[in-house]
Amino acid sequence: MARLEIPVQLRWSDMDAYAHVNNVEMLRLLEEARIEVFWQHPVGPDGERAGTRSTAVIDAGPGAQVATFIAHQEIQYVKPLGYRRAPVVVELWIGHLGGASLDVCYQVRDLPAADPASVVYARAVTTLVLVDAATGSPTRIGAHERAAWEPYVEEPVVIRRRGSR
């Protein structure tokens, strides 16, 4: 299976008083990577969606018929991530693809996963539910979305639970 790696630039304001990326800002980094991977980019002057990935099949524009609802998020901070000028790499894959929901899994790294020196700073999972934008009711994942996302389905991220080793 495949994973996606998205570089995300840190902002100076992401840092907290302890000189590392604040826990709330870490969720923002995940959000930026998730939007890059799953949401369609605006149509350019040539009529093309420049830079759109094959996985970017959710229309997030005005008047979209389907919206996403974040039903659950969980994050495990592995190591403090200090401010750096080089982007961090957010590695994404799908841990579960259901009828109306999907679990997006992440690892936040300093380098691409293929680099043996790469360090993991956080692991996380977000459960997204596709909903009808007009009613807010769950709506099934369509064939187009499923076809775009199935190549990225693999085992879910493992997050250590309290009391487990």
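Reading the values: rules and limits
Residues numbered from 1 in each chain as written. Predicted model: local features only at pLDDT ≥ 70, side-chain atom pairs only at ≥ 80, totals over all residues. Heavy atoms only, no water. Helix = DSSP H or I, 4+ residues; strand = E, 2+ residues; numbered from the N terminus. Expected span 1.5 Å × (residues − 1). Buried < 20%, exposed > 50% of the residue type's maximum accessible area, 1.4 Å probe, protein only. Contact = heavy atoms within 4.5 Å. Polar contact = N/O pair within 3.5 Å; in protein donor to acceptor, adjacent residues only side chain to side chain. Pairing = 2+ DSSP bridges. Axes fitted to C-alpha atoms, helices over the stretch in contact; angles between N-to-C directions.

- The name that an unreviewed UniProt entry assigns to the protein chain is Thioesterase, with the source organism given as Cellulomonas gelida.

### Some thoughts on helix H1 (residues 23-38)
For step 1, the next point in the chain: For H1, built from 16 residues, the straight-helix expectation of 22 Å at 1.5 Å per residue is met to within 8% by its first-to-last C-alpha distance of 23 Å.
For step 2, the next point in the chain: Taken together, the buried positions of H1 are occupied by Glu25, Met26, Arg28, Leu29, Leu30, Ala33, Arg34, Val37 and Phe38.
For step 3, the next point in the chain: Elements that come into contact with the buried residues of H1 comprise strand S1 (4-8), strand S2 (66-77), strand S3 (88-97), strand S4 (101-109), strand S5 (120-132) and helix H2 (143-149).

### A short note on the side chain of glutamate 91
For step 1, the next point in the chain: Tracing the backbone through its elements, the reader meets glutamate 91 in strand S3.
For step 2, the next point in the chain: For glutamate 91, the side chain forms a polar contact with the side chain of arginine 109, separated by 2.8 Å.
For step 3, the next point in the chain: Leaving out residues up to four positions away in the same chain, glutamate 91 has contacts with Arg3, Leu4, Glu5, Cys105, Tyr106, Gln107, Arg109 and Ala113.

### Brief notes about the sheet that holds S2
For step 1, the next point in the chain: In space, the five strands of this open sheet follow the order S1-S3-S4-S5-S2, with antiparallel pairing throughout. A single partner strand is all that each edge strand has here, and the edge strands are S1 and S2. Averaged over all neighbouring strand pairs, the angle between strand axes comes to 25 degrees, with direction disregarded.
For step 2, the next point in the chain: Here S3 pairs with S4 via eight bridges, running antiparallel. Looking at S4, one finds that leucine 92 is bridged to tyrosine 106.

### Some remarks on the environment of tyrosine 152
For step 1, the next point in the chain: Examined against the element boundaries, tyrosine 152 turns out to sit in the segment after H2.
For step 2, the next point in the chain: Take tyrosine 152: its relative accessible area is 15%, and that puts it in the buried class.
For step 3, the next point in the chain: For the pair tyrosine 152 and histidine 96, spaced 56 residues apart in the sequence, the C-alpha separation amounts to 9.8 Å.
For step 4, the next point in the chain: When near neighbours in sequence (up to four residues on either side) are disregarded, tyrosine 152 contacts Ala2, Arg3, Leu4, Ser54, Thr55, Trp93 and Ile94.

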